[in-house]
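Now for the letters of each chain:
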Amino acid sequence: MKKVIITGASGFLGSWLVEELLRNDVKVIAVVRNENFYKNSNAKGKLKIVVCPMNKYSLLPELIPDRDVEVFYHLAWSGTSGQERANVALQLKNIEATCQAVIAASSIQCKKFINAGSIMEYEALKFIPQDNAVPGPGYIYSVAKMTANYMGKIKAVNLNLNYINAVISNVYGPGEKSERFIYSILKNFLNHKSVNFTSGKQLYDFIYASDAARAFYEIGKKSKKSTEYYIGNTVQYSLKQFVLIMQEMVDKDIKISFGNLPYNGAYLTYQEIDTGKLRKDLDFEVKVSFEEGIRNTIDWIRENELAGELN
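Residues numbered from 1 in each chain as written. Predicted model: local features only at pLDDT ≥ 70, side-chain atom pairs only at ≥ 80, totals over all residues. Heavy atoms only, no water.

Caption draft 1: The arrangement of the overall build of the protein in detail. Along its length, the protein carries 10 helices and 13 strands. Compactness check: the protein gives a C-alpha radius of gyration of 19 Å against a globular reference of 19 Å for 311 residues, within 12% of the reference. Judged by the C-alpha coordinates and their principal axes, the protein covers about 55 × 50 × 40 Å. Counting across all 311 residues of the protein, residues that qualify as buried make up 52%. Across the protein, the fraction of contacts at a sequence separation of at least 24, relative to all contacts at a separation of at least 6, is 76%. With an accessible surface of roughly 14900 Å², the protein has 47% of that area assigned to carbon and sulfur atoms. The distance from the centre of the 38 positive side-chain charges to the centre of the 33 negative ones in the protein is 4 Å. (Helix = DSSP H or I, 4+ residues; strand = E, 2+ residues; numbered from the N terminus. Rg over C-alpha atoms; globule rule 2.2 N^0.38 Å. Buried < 20%, exposed > 50% of the residue type's maximum accessible area, 1.4 Å probe, protein only. Contact = heavy atoms within 4.5 Å. Areas by Shrake-Rupley, 256 points an atom, 1.4 Å probe, with all protein chains shown as cover. Lys, Arg positive; Asp, Glu negative; His and termini not counted. Charge placed at Lys NZ, Arg CZ, Asp CG, Glu CD.)

Caption draft 2: Spatial organisation of the pairing of strand E4 (residues 71-74). Across the two faces of E4 the burial is the same, with Val71 and Tyr73 and Phe72 and His74 all buried. Note that strand E1 (residues 3-7) and E4 share 4 bridges and pair parallel. Along E4, the bridge assignment pairs Thr7 with His74. Judged from the 4 bridges that link them, E4 and strand E5 (residues 112-118) form a sheet pairing that is parallel. When the sheet's bridge partners are listed, His74 is paired in E5 with Asn115. Between the parallel elements E4 and E5, the chain passes through helix H3 (residues 88-107) in a crossover that is right-handed. (Pairing = 2+ DSSP bridges. Right-handed = clockwise from strand over helix to strand, strands pointing away.)

Caption draft 3: Structural context of the environment of Asp205. On the secondary structure map, Asp205 appears in the loop between strand E9 (203-204) and strand E10 (207-208). With residues up to four places along the chain from it excluded, the contact list for Asp205 reads Ser169, Asn170, Tyr230, Gly232, Asn233, Val235, Gln236, Phe242 and Tyr270. Separated by 2.5 Å, the side chains of Asp205 and Tyr230 make a polar contact. Separated by 2.6 Å, the side chains of Asp205 and Asn233 make a polar contact. (Polar contact = N/O pair within 3.5 Å; in protein donor to acceptor, adjacent residues only side chain to side chain.)

Caption draft 4: Examining the sheet that holds E1 more closely. Judged by pairing direction, the sheet is parallel, and its 7 strands sit side by side in the order E3-E2-E1-E4-E5-E6-E11 without closing on themselves. Looking at the sheet topology across the chains shown, the edges are occupied by strand E3 (47-51) and strand E11 (228-231). Pairwise comparison of adjacent strand axes, ignoring direction, gives a mean angle of 20 degrees for this sheet. Examined bridge by bridge, E1 and strand E2 (residues 27-32) share 5 bridges and lie parallel to one another. Opposite Ile6, over in E2, you have Ala30 as the bridge partner. Each of E5, strand E6 (162-168) and E11 touches helix H4 (residues 120-127); the most contacted strand, E5, lies at about 60 degrees to it. The strands touched by helix H5 (residues 139-158) are E5, E6 and E11; relative to E6, the strand with the most contacts, the crossing angle is about 160 degrees. (Axes fitted to C-alpha atoms, helices over the stretch in contact; angles between N-to-C directions.)

Caption draft 5: Highlighting the packing of aromatic side chains. Evaluated as defined, the whole model comprises 20 aromatic pairs. Between the aromatic rings of Tyr73 and Phe216, the centroid separation amounts to 6.2 Å while the plane-to-plane angle is 70 degrees, which identifies the pairing as edge-to-face. Taken together, the residues Tyr73 in strand E4 and Phe216 in helix H7 (residues 209-222) connect sequence positions 143 residues apart. Judged by its relative accessible area of 0%, Tyr73 falls in the buried class. Taking the relative accessible area as the measure of exposure, Phe216 reaches 0% and is therefore buried. Centre to centre, the rings of Tyr237 and Phe242 are 6.2 Å apart; their planes meet at 80 degrees, and the pair counts as edge-to-face. Among the residues examined, Phe242 registers a relative accessible area of 6% and is labelled buried. Each residue in the set Trp16, Tyr172, Phe181, Phe197, Tyr204, Phe206, Tyr208, Tyr237, Phe242, Phe258 and Phe290 is aromatic and connected to the rest through ring pairs, giving one cluster. Sitting above the plane of the Trp77 ring, Lys145 keeps its charged end 4.2 Å from the centroid. Lys240 extends its terminal NZ or CZ atom over the ring of Phe258, reaching a point 5.0 Å from the ring centre. (Phe/Tyr/Trp six-rings, centres within 6.5 Å; stacked < 30°, edge-to-face > 60°. Lys NZ or Arg CZ within 6 Å of the ring centre and 35° of its normal.)

That is the geometry; function is a separate question.
Structure (structure tokens):
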């Protein structure tokens, strides 16, 4: 793998993936919304910046004259956390952008299209069809990810483009600033705020950003054709266990309460997902433990986010 395109290259995971690819001497065409992305990079000619908003992906074949690109990574997505997950208009635009990205990849003569999927696709499939289910507004994001995956795959196979859906569990690490679970909980803990949770009995899985980026790199390099891969761990634990580890690492005296918040969602058993396919097909192993990853993330938040807030 010598040259790739990445949409969403300036995002949290996209930035980690760019670094992983450059470290492996892969030339990267980074499709971003802000031309200042990587302005001071030491990529030494291996990184090309293409500024293109998501609603203009149909222009990518004109903006990218290269016809020797092997892999098209599609990571760009608007509204991945907070109230924007419930924004119907925004999520529909993401679906259209995914389909435009597939068409563009075919026109650019890429050999492989890798879509950044989400474990929330599985949560939506398991929970929403249930009788009397009351899915929260955030499930609009989940359904949009699932729809984008299915529609993208249909477009790809009819264009004879190798389509891979890389299902991300829950990625965390330095650089993330969002309302997603790890970052928001650690920031509360570091500010000595008590936090309420659900019972925490639901199974969960987290993967450190460097491991997730390395998984995407391996998938780009040698994945099987038209295959879905789960980027995460082969063993999962209850959400409560993860919370207690974070509490212990920040301050064991922080007050936390389990069961004070209702949980109205899917209880995945992870039997729904082939969590071992990356290991079986690509010999991929997670290297960073949850404890090590959380320690790195805590250090980053303290140094970059809370310098003026912490005592």
